Amino acid sequence: MVEELVFDNTEERRKVRHNDTGWIEVIVGSMFSGKSEELIRRLNRARIARQAVQVFKPAIDARYSHEDIASHSGQTHSSIPVASTAELLGHILPATQVVGIDEGQFFDVEIVGAANRLASEGRRVIIAGLDQDFMGKPFEPMPQLLSIAEFITKTHAICVKCGGTANYSQRTVESDQLVEVGAADKYEARCRRCFVPHADAPTLHD
Ligand code: ADP
Ligand code: ZN
């Protein structure tokens, strides 16, 4: 462990620790806050370090590509779309060191046990996802993943109304569905003051 002191970079330190054990990193925030960008950045660095990386996304999220995970700013990383946690686990190769998961909020609750298992097997698990739904309520299973993670990163967007720190995903179309997949066509980033929790609230359409 003395080796750790050589590095002043957290990511490098984690790499050294990889020989000992795995861990879970969770990246959460509102839409447009840079979760996917941050996930892709970490995955690219792991690949540069020649680690064996596998990346997954829920099959539901076909926003930009059926195969890649994508950020709103256009960065992409190849991934395997899966319909369930069980399917994800079925794809894990014995040699895989780093498991990336985007849109974690769309996974079933089994993802919590799966993340623990993958980390306990010695893998680095990085999961990005929305921590709140369009009503501003905790978006399961992300809260559970936050509570078991070793490392947590909260990202923020810019409020489109006032330029403040945005922590909410405002739905701009009428729908009562919890899952209404979309991007700038259906959602915008808002701060606490500018967020209106109801999809049909009058201020949405003024
Ligand atoms: P997330 O995965 O959290 O939805 P992404 O990583 O896909 O976020 O996209 C982040 C990018 O979205 C930013 O780098 C920026 O280019 C773009 N963007 C669009 N609208 C906003 C906004 N209101 N605040 C911040 N970034 C925004
Ligand atoms: Zn605002």
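Here is what the cut-offs are and how they apply
- Residues numbered from 1 in each chain as written.
- Chains lettered and ligands numbered in written order.
- Predicted model: local features only at pLDDT ≥ 70, side-chain atom pairs only at ≥ 80, totals over all residues.
- Heavy atoms only, no water.
- Pairing = 2+ DSSP bridges.
- Helix = DSSP H or I, 4+ residues; strand = E, 2+ residues; numbered from the N terminus.
- Axes fitted to C-alpha atoms, helices over the stretch in contact; angles between N-to-C directions.
- Contact = heavy atoms within 4.5 Å.
- Core = buried A, V, L, I, M, F, W, Y, C linked by side-chain atoms within 4.5 Å.
- Buried < 20%, exposed > 50% of the residue type's maximum accessible area, 1.4 Å probe, protein only.

### Topic: the sheet that holds strand E7 (residues 124-130)
With respect to topology, six strands assemble into an open sheet ordered E5-E2-E6-E7-E1-E8, the strand pairing being parallel. Strands with a single pairing partner mark the edges of an open sheet, and in this sheet they are strand E5 (80-82) and strand E8 (151-155). The average angle at which neighbouring strand axes cross in this sheet is 20°, direction not considered. Sheet topology places strand E1 (residues 23-29) next to E7; seven bridges connect them, and they run parallel. By the bridge assignment, isoleucine 24 is partnered in E7 with valine 125. With respect to the sheet, helix H2 (residues 35-48) is in contact with E1, strand E2 (53-58), strand E6 (98-101), E7 and E8, its orientation differing from that of E7 by roughly 165°.

### Looking at the nonpolar core
Among the nonpolar cores identified, the biggest contains 20 residues, and Leu88 and Leu145 are the most heavily contacted of them. Residue assignment for this core shows that the elements contributing at least two residues are E1, E6, helix H4 (110-120), E7 and helix H5 (142-148). No other element matches the five residues that H4 contributes to this core. Apart from the residues lying within four places of it in its own chain, the contact partners of leucine 88 are Phe56, Val82, Ile101, Phe107, Ile111 and Leu118. Listed in part, the 10 residues of the second largest apolar core include Leu39, Ala46, Val55 and Ile126.

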